[in-house]
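Each chain, written out:
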Amino acid sequence: MSMKILHTADWHLGKQLHKYSLEEDQRLFLEWLSDTIQQRSIDLLLISGDIFDTAHPSNLALAQYYGFLKKLIGTDCQVIVTGGNHDSPGVLNAPRELLKFLNIKVVGSALENLGDELLHIHTPKGEVVVAAVPYLREADLRKSVSGEGYEDRLSALR
């Protein structure tokens, strides 16, 4: 028996198209995704960035996200969420410690210890290590070191 992994990205919850709400389309997508996870006995769901369309999602977008995660309780599906360029690291990371109890791991921004972004997932069907690397912002890449010149910083960024 092998582990089943489902990878998704770019949900953009809260997005509007020419001032037309996509709420119903997004609700239908999340319903389909939840049903698929249950019907196919998915062991690990990867949500790789741009969960929300803006850094400050609406209450409706947040409710859709948490409502979806709530539907996974009892499915034995573990979840890894990584932040994207549209996501606010603070919004994603805020409930991180609580979500751990629901087998949901969140990496909303680059971690100080890069080894913490290597997540070891254990299921009855096997083990896997996931490099949960979020969208890297310039501040994540451009760490200033005392005495370092412009060329040194540019080289480090590259």
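Now for a description of the structure that goes with this document. (Residues numbered from 1 in each chain as written. Predicted model: local features only at pLDDT ≥ 70, side-chain atom pairs only at ≥ 80, totals over all residues. Heavy atoms only, no water.)

1. What about the nonpolar core?
In summary, soluble globular proteins display a tendency toward joint burial of nonpolar side chains.
Then step 1. Ranked by size, the top nonpolar core spans 22 residues in total, and within it Trp11, Ile51, Tyr65, Phe68 and Val81 carry the most contacts.
Then step 2. The element contributing the most residues to this core is helix α2 (residues 59–71), with four residues.
Then step 3. In contact with Trp11, other than residues within four places in its own chain, are Gln26, Phe29, Leu30, Leu33, Ile47, Gly49, Asp50, Ile51, Tyr65 and Phe68.
Then step 4. Formed by eight residues, the second largest nonpolar core is a distinct cluster that contains Leu46, Ile121, Val130 and Ala132. (Core = buried A, V, L, I, M, F, W, Y, C linked by side-chain atoms within 4.5 Å. Buried < 20%, exposed > 50% of the residue type's maximum accessible area, 1.4 Å probe, protein only. Helix = DSSP H or I, 4+ residues; strand = E, 2+ residues; numbered from the N terminus. Contact = heavy atoms within 4.5 Å.)

2. With respect to a nonpolar patch on the surface
Then step 1. A contiguous nonpolar surface patch, about 470 Å² in accessible area, is contributed by Ile73, Leu98, Phe101 and Leu102.
Then step 2. Mapped onto the fold, Ile73 is located in the loop between α2 and β5 (78–82). (Patch = residues over 30% accessible without salt bridge, like charges linked within 9 Å, V, L, I, M, F, W, Y side chains within 5 Å. Areas by Shrake-Rupley, 256 points an atom, 1.4 Å probe, with all protein chains shown as cover. Salt bridge = Lys/Arg side-chain N within 4 Å of Asp/Glu carboxyl O.)

3. With respect to the packing of aromatic side chains
Then step 1. The full count for this structure, using the stated rule, is five aromatic pairs.
Then step 2. Seen in terms of ring centroids, Trp11 and Phe68 are 5.3 Å apart; in terms of plane orientation they differ by 85°. Their pairing is edge-to-face. Taken together, the positions of Trp11 in the loop between β1 (5–8) and β2 (16–17) and Phe68 in helix α2 put the pair 57 residues apart, joining distant regions of the chain. As far as the burial class goes, Trp11 and Phe68 line up, both buried.
Then step 3. An aromatic cluster of at least three residues, connected via ring pairs, comprises Trp11, Phe29, Trp32 and Phe68. (Phe/Tyr/Trp six-rings, centres within 6.5 Å; stacked < 30°, edge-to-face > 60°.)

4. A few points about helix α1 (residues 23–39)
Then step 1. The end-to-end C-alpha distance of α1, which contains 17 residues, comes to 24 Å, matching closely the 24 Å that a straight helix rising 1.5 Å per residue would cover.
Then step 2. Within α1 the residues assigned to the buried category are Gln26, Leu30, Leu33, Ser34, Thr36 and Ile37. Around the axis of α1, the buried residues are gathered within 160° of arc, so they sit on the same side. Away from its buried face by more than 90 degrees, α1 exposes Trp32 and Gln39. (Expected span 1.5 Å × (residues − 1). Arc of directions from axis to C-beta.)

Note that all results are geometric; they support no functional claim without further evidence.
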